[in-house]
Amino acid sequence: QVQLVESGGGLVEPGGSLRLSCAFSGSVFGIYDMAWYRQGPGKQRELVAGISVDGSTNYVDSVKGRFTISRDNAKNMVHLQMNSLKPEDTAVYYCNAKYTVLRDFWGQGTQVTVSS
C-alpha cells in the first residue's frame with residue numbers, strides 16, 4: 001500500500017519561504033496524481049496545489065504566483081515550494097496521492113506556521 005512521508009514544515013515569519021517534501025513508496029509513483037492540501041484552524045481542508053502524472057499543475061487562487069508544486073519521478077518525490085508566506089497560509093499541510101477513488105492516500109500532515 002502507498003505510504004507518504006512528509007517533511008519541511010515549521011515556523012517562519014511573514015514573507016519567508018519553506019519547501020515541503022513528500023516521499024512516496026509502496027506502489028508505482030508515475031500513475032498517481034499528487035497534491036498538497038491544507039487545513040487551517042477551524043476551517044475545512046482545501047486543495048492548495050495539484051500535479052498530474054503528465055506534469056500539469058493547478059493551484060488555488062490564493063497561492064498562485066507564490067507556491068510551486070513539482071514532482072521528481074526518478075526519486076518518487078513531490079515538493080511544494082512556498083514563497084512570500086502570509087499568516088493566512090498557517091495550516092497543517094497534507095500530501096495526497098490518488099489513482100482511483102479506492103486508491104487515495106494521505107500523509108500525516110506537517111504544520112506550517114507563519115507569524116511574526
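Rules and cut-offs
Residues numbered from 1 in each chain as written. Predicted model: local features only at pLDDT ≥ 70, side-chain atom pairs only at ≥ 80, totals over all residues. Heavy atoms only, no water. Helix = DSSP H or I, 4+ residues; strand = E, 2+ residues; numbered from the N terminus. Buried < 20%, exposed > 50% of the residue type's maximum accessible area, 1.4 Å probe, protein only. Contact = heavy atoms within 4.5 Å. Pairing = 2+ DSSP bridges. Axes fitted to C-alpha atoms, helices over the stretch in contact; angles between N-to-C directions. Phe/Tyr/Trp six-rings, centres within 6.5 Å; stacked < 30°, edge-to-face > 60°.

Right, let's talk about the side chain of Arg 66 for a bit. Inspection of the secondary structure puts Arg 66 in the loop between strand E6 (57-59) and strand E7 (67-72). With relative accessibility at 10%, the residue Arg 66 sits in the buried group. Those residues in contact with Arg 66, other than ones at most four positions away along the chain, are Gln 81, Met 82, Asn 83, Ser 84, Leu 85, Lys 86 and Asp 89.

The next subject is the sheet that holds strand E1 (residues 3-7). What the 4 strands build is an open sheet, ordered E1-E3-E8-E7; its pairing is antiparallel. Every interior strand has two partners, whereas the edge strands, E1 and E7, have only one. Ignoring strand direction, the axes of neighbouring strands in this sheet form an average angle of 15°. Examined bridge by bridge, strand E3 (residues 18-25) and strand E8 (residues 77-82) share 6 bridges and lie antiparallel to one another. In the strand pairing of E8, Leu 18 is matched with Met 82.

What follows concerns the packing of aromatic side chains. In this structure the tally under the stated criterion is 5 aromatic pairs. When the ring of Tyr 32 is compared with that of Tyr 99, the centres are 5.7 Å apart and the planes differ by 50°; the resulting orientation is tilted. Here Tyr 32 is found in the loop between E3 and strand E4 (33-39), whereas its partner Tyr 99 is found in strand E9 (residues 91-100), with 67 residues between them in sequence. According to the relative accessible area criterion, Tyr 32 is buried, its value standing at 1%. When its relative accessible area of 46% is taken as the criterion, Tyr 99 is described as partly exposed. Look at Tyr 32 and Phe 105: their rings are 6.3 Å apart centre to centre, the planes differ by 55°, and that puts the pair in the tilted class. Of this pair, Tyr 32 sits in the loop between E3 and E4 while Phe 105 sits in strand E10 (residues 103-106); the two residues are 73 residues apart in sequence, bridging distant segments of the chain. Comparing Tyr 32 with Phe 105 shows no difference in burial state: the two are buried.

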